[in-house]
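Examining the three-dimensional arrangement
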There are 4 protein chains.
Amino acid sequence: MNFSIEQLSAAISQYVPVHNFLGIELVEIKPLTVKFHLPFRPELIGDPRADRWHGGVVALLLDSAGGAASMTTLNNINDKLATIDMRVDYLKPGLGGKDIWAEAQVTKNGSRVVVTHMEAWHEIDGEKLLIAEGRGAYSAVREPINQD
Amino acid sequence: MNFSIEQLSAAISQYVPVHNFLGIELVEIKPLTVKFHLPFRPELIGDPRADRWHGGVVALLLDSAGGAASMTTLNNINDKLATIDMRVDYLKPGLGGKDIWAEAQVTKNGSRVVVTHMEAWHEIDGEKLLIAEGRGAYSAVREPINQD
Amino acid sequence: MNFSIEQLSAAISQYVPVHNFLGIELVEIKPLTVKFHLPFRPELIGDPRADRWHGGVVALLLDSAGGAASMTTLNNINDKLATIDMRVDYLKPGLGGKDIWAEAQVTKNGSRVVVTHMEAWHEIDGEKLLIAEGRGAYSAVREPINQD
Amino acid sequence: MNFSIEQLSAAISQYVPVHNFLGIELVEIKPLTVKFHLPFRPELIGDPRADRWHGGVVALLLDSAGGAASMTTLNNINDKLATIDMRVDYLKPGLGGKDIWAEAQVTKNGSRVVVTHMEAWHEIDGEKLLIAEGRGAYSAVREPINQD
């Protein structure tokens, strides 16, 4: 049996301890793209005077999103994926009290290397307020597709 | 009154909600450098099959370390620091059950821009096993030093 | 007299020695965006066996594009801009014999920090073949706008 | 016949067209590390008013250095190496009239991924004046070592 988007979806939403610990929710997963939602919690604040999300939490969320999007390029449950590196550009501070959404998109799906673009944002009055963008690079080791 | 390393130390170890939530401990802070310790907790695992730390937690820790080291370049309690961007290079997976240490060092202390180098590692049999390196860039807005 | 897009255009296309040396041509410049063209020359090859552009030339072109787009955010001929850092993601090798185009877009225009997104591509049969993407961060020091 | 450091040295110093075009000289190459020298030329200036090297030339030099250091991890003349991404942190402007040296060191030599640290500097009164640091990530495809 090959790797299905349903299996991947279940694994990401149920079996990643950090997702449960922080409250990261999988909103949508499709080939080459994934969307997460992270409801605001006071524990995720970095600067209590300014009431801002900790930037590292945004980085963690983008890392998760990029990794999950990259996993959709795998063929088989035994294929392996390792993050090579990640960059986050912080565009605006994350506002305390506001949830964060994040989306990742595969921009290169090579035989050995996968690259993703990620974005994190608030939704304010129905508008997307971009707070960070990211890039991830991943090393993929894929078994040939199983024909059974 | 100017900004002291003692005030900064107290602020970082007591008043950053994410540090308390994840269990990040300040080990040492000196001008231009800071060291953190993050004891292992099962909630911080990313891949339970392989028993690996979530890479995003490592990114969060490096982000905190780089930010704290940059804060030691400020003169005054009202000076401001914003993260411009951060890069993490993942060298080895973080092993479940093992604590992580992280250190940040300011490599450029400009009038407007601060750059830091960060490292995260396990200590295995007294040896440093490097798991990730990072770079951070920060925008600093400093008031002139108060002479009182 | 304030800084005009015409002045900037003249400066970029005529007075940057590296642009003349490599043959980098300014195609278009507008507020927040710039487009360059770099005709193929055999001197710009990095790997003669595989007949590929040198990746560093692509990095140089993206750096120039990001810097020029950032300059369009300045108000005055005396305003200063310094590159903080740059990242290049190499998506496909640059093919010998084919020209390269590059575009940069400002994605954050802050009072102190400017961030740009850059792309480099070949045009093959009227299609854009993306070869690299980049991110740049810049420190801007702007004088108040001159009202004369 | 396996890949020797002498072959690699000859290839890098003689057969890379961009190196000849810009005047990049190979100073030293050893397993996991390489050093280059780029004599100043007026054609490499980016800002003639301020008399500064073009930052993209520094990026190109760091890219070459990281790539060459990565090549020392290959076993065989047919092994392949592709740059995944590169980051440059600009610490100080490159001064017109002063030569630039650059060194790259492999910091991760994985079976599939190689990571390098790079530095570029002037030598002023026998002191190293660091102008930029970089990180590169490379995908390596190595044939098994030939035993003949």
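Fair warning: this is a prediction, and the values are worked out from it, not measured in the lab. (Residues numbered from 1 in each chain as written. Chains lettered and ligands numbered in written order. Predicted model: local features only at pLDDT ≥ 70, side-chain atom pairs only at ≥ 80, totals over all residues. Heavy atoms only, no water.)

1. Examining the environment of Ala140(A)
- Summarising the element assignment, Ala140(A) is placed in strand E8 (residues 127-141).
- On a C-alpha basis, the gap between Ala140(A) and Gly110(A) in space is 8.6 Å, while along the polypeptide they are 30 residues apart. (Helix = DSSP H or I, 4+ residues; strand = E, 2+ residues; numbered from the N terminus.)

2. Thoughts on the packing of aromatic side chains
All names here are of chain B.
- For the structure on display, the rule yields six aromatic pairs over all chains.
- Ring geometry for Phe 40 versus Trp 53: centroids 5.7 Å apart, planes at 70 degrees, classification edge-to-face. Linking Phe 40 in the loop between strand E2 (33-38) and strand E3 (45-47) with Trp 53 in strand E4 (residues 52-53), this pair joins segments that are 13 residues apart in sequence.
- A residue is classified by how much of its surface remains accessible, and Trp 53, at 5% relative accessible area, is buried.
- Above the plane of the ring of Trp 121 lies Lys 128, whose end atom (NZ or CZ) is 4.0 Å from the centre. (Phe/Tyr/Trp six-rings, centres within 6.5 Å; stacked < 30°, edge-to-face > 60°. Buried < 20%, exposed > 50% of the residue type's maximum accessible area, 1.4 Å probe, protein only. Lys NZ or Arg CZ within 6 Å of the ring centre and 35° of its normal.)

3. Details of the interface of chain C and chain A
- On the chain A side, the residues contacting the 14 residues of chain C number 14 residues.
- Together chain C and chain A conceal approximately 1,100 Å² of surface at their shared face, both sides included; 42% is due to carbon and sulfur atoms.
- Among the residues chain C hides against chain A, the three largest losses belong to Arg87(C), Leu91(C) and Arg135(C). Together they make up 54% of the total.
- Sorting the residues of the side of chain C that touches chain A by element identifies strand E5 (80-90), strand E6 (100-109), strand E7 (113-124) and strand E8 (127-141) of chain C as the ones contributing at least two each. (Contact = heavy atoms within 4.5 Å. Buried area = accessible area lost by both parts, 1.4 Å probe.)

4. Structural notes on the interface of chain A and chain B
- The partner chain B presents 32 residues to the 32 residues of chain A that form the contact.
- A per-residue breakdown of the area chain A buries against chain B is headed by Phe21(A), His54(A) and Tyr90(A), which together make up 23% of the total.
- Our enumeration of links across chain A and chain B arrives at 16 residue pairs in polar contact (both at pLDDT 80 or more).
- Every element with two or more residues in the side of chain A that touches chain B is listed here: helix H2 (17-22), strand E3 (45-47), helix H3 (55-71) and strand E5 (80-90) of chain A.
- The greatest single-element share of the side of chain A that touches chain B, amounting to eight residues, is contributed by E5(A).
- Partitioning the side of chain A that touches chain B into residue classes produces 18 nonpolar, seven polar and seven charged.
- Sheet analysis places E5(A) next to strand E5 (residues 80-90) of chain B, joined by five bridges and oriented antiparallel. Along E5(B), the bridge assignment pairs Asp89(A) with Asp85(B). (Polar contact = N/O pair within 3.5 Å; in protein donor to acceptor, adjacent residues only side chain to side chain. Nonpolar A, V, L, I, M, F, W, Y, C, P; charged D, E, K, R; others polar. Pairing = 2+ DSSP bridges.)

5. Examining the packing of helix H3 (residues 55-71) of chain C against helix H3 (residues 55-71) of chain D
- Their axes nearest at 8 Å, the elements H3(C) and H3(D) cross at an angle of 155 degrees. Classed by the angle they form, the pair H3(C) and H3(D) counts as roughly antiparallel. Between H3(C) and H3(D) lies a crossing whose hand is right-handed. Together, Gly55(C), Gly56(C), Val57(C), Ala59(C), Leu60(C) and Asp63(C) of H3(C) and Gly55(D), Gly56(D), Val57(D), Ala59(D), Leu60(D) and Asp63(D) of H3(D) make up the contact between the two elements.
- Class assignment of the residues belonging to the contact of H3(C) with H3(D) gives a composition of six nonpolar, four polar and two charged. (Axes fitted to C-alpha atoms, helices over the stretch in contact; angles between N-to-C directions. Parallel < 35°, antiparallel > 145°, perpendicular 65-115°, else oblique. Left-handed = near helix turned anticlockwise from the far one by under 90°.)

6. Comments concerning the pattern of salt bridges
- Evaluated as defined, the whole model comprises 20 salt bridges over all chains.
- The salt bridge partner of Arg87(A) is Asp85(B), with a shortest N-O separation of 3.3 Å. Here Arg87(A), found in strand E5, pairs with Asp85(B), found in strand E5, and the two come from separate chains.
- By relative accessible area, which is 0% here, Arg87(A) ends up buried.
- Taking the relative accessible area as the measure of exposure, Asp85(B) reaches 0% and is therefore buried.
- Linked by salt bridges that have partners in common, Asp85(A), Arg87(B), Asp89(B), Arg87(C), Asp89(C) and Asp85(D) make up one network. (Salt bridge = Lys/Arg side-chain N within 4 Å of Asp/Glu carboxyl O.)

7. Some words on the relation of the copies chain A and chain B
- Its rotation angle being 180 degrees, the transformation that places chain A on chain B also includes 0.0 Å of axial translation and leaves an RMSD of 0.0 Å. Here the symmetry operator amounts to a two-fold rotation axis. Minimal C-alpha distance to the rotation axis in chain A is attained by Arg87(A), lying at 2.1 Å.
- Interface residue correspondence from chain A to chain B reaches 100%, placing this contact among same-surface, isologous pairings. (Least-squares fit on C-alpha atoms with pLDDT ≥ 70 in both.)

8. Description of the confidence of the model for chain A
- For chain A, mean pLDDT is 93; residues scoring 70 or higher make up 96% of the total.
- Interface confidence for the predicted complex, given as ipTM, is 0.94, next to a pTM of 0.94. (pLDDT = per-residue confidence, 0-100.)

9. Details of the environment of Glu143(B)
All names here are of chain B.
- With respect to the helices and strands, Glu 143 occurs in the segment after strand E8 (127-141).
- Between the C-alpha atom of Glu 143 and that of Gly 55, which follows or precedes it by 88 residues, the distance is 36 Å.
- When near neighbours in sequence (up to four residues on either side) are disregarded, Glu 143 contacts Asn 75, Asn 76, Asn 78 and Asp 79.

10. Let's talk about the relation of the copies chain C and chain A
- It takes a turn of 180 degrees to lay chain C on chain A, together with a shift of 0.0 Å along the axis; the resulting RMSD is 0.0 Å.
- Same-surface contact between copies: 100% of interface residues of chain C are shared with the interface of chain A.

11. Considering the side chain of Glu133(A)
- Within the secondary structure, Glu133(A) is located in strand E8.
- Judged by relative accessible area, which is 5%, Glu133(A) ranks as buried.
- Here Arg135(C) takes part through its side chain, which lies 2.5 Å from a polar atom of the side chain of Glu133(A).
- Dropping the residues within four chain positions of it, Glu133(A) is found in contact with Leu62(A), Arg87(A), Val88(A), Asp89(A), Leu91(A), His117(A), Met118(A), Glu119(A), Thr107(C) and Arg135(C).

12. Examining the pairing of E6(C)
Residues and elements named next belong to chain C.
- In this structure, strand E2 (residues 33-38) lies alongside E6, joined through six bridges in antiparallel fashion. Its bridge partner being in E6, Val 34 is matched across the sheet by Ala 104.
- Linkage of E6 to E7, two consecutive antiparallel strands, is achieved through a turn of three residues.

13. Some details on unusual backbone geometry
Residue and element names in this part refer to chain C.
- Phi angles above zero are rare outside glycine, and Leu 32 is one such case at about 75 degrees.
- Following the sequence through the fold, Leu 32 ends up in the loop between strand E1 (25-30) and E2.
- Even without being glycine, Asp 125 reaches a positive phi, approximately 55 degrees.
- The residue Asp 125 is located in the loop between E7 and E8 in this model.

14. Some points on the sheet that holds E7(C)
- The sheet built from twelve strands is open, its strands ordered E1(C)-E2(C)-E6(C)-E7(C)-E8(C)-E5(C)-E5(D)-E8(D)-E7(D)-E6(D)-E2(D)-E1(D) with antiparallel pairing. Lying at the two open borders of the sheet, with one neighbouring strand each, are E1 of chain C together with strand E1 (25-30) of chain D. Here the strands of the sheet are splayed against their neighbours by 20 degrees on average, with no regard to which way each runs.
- Two strands pair when backbone bridges link them, and strand E6 (residues 100-109) of chain D and strand E7 (residues 113-124) of chain D are joined in this way by eight bridges, in the antiparallel orientation. Bridge pairing in E7(D) places Lys108(D) opposite Val115(D).
- Helix H1 (residues 5-14) of chain C contacts E1 and E2 of chain C of the sheet and is inclined by roughly 160 degrees relative to E1(C).
- With respect to the sheet, helix H1 (residues 5-14) of chain D is in contact with E1 and strand E2 (33-38) of chain D, its orientation differing from that of E1(D) by roughly 160 degrees.

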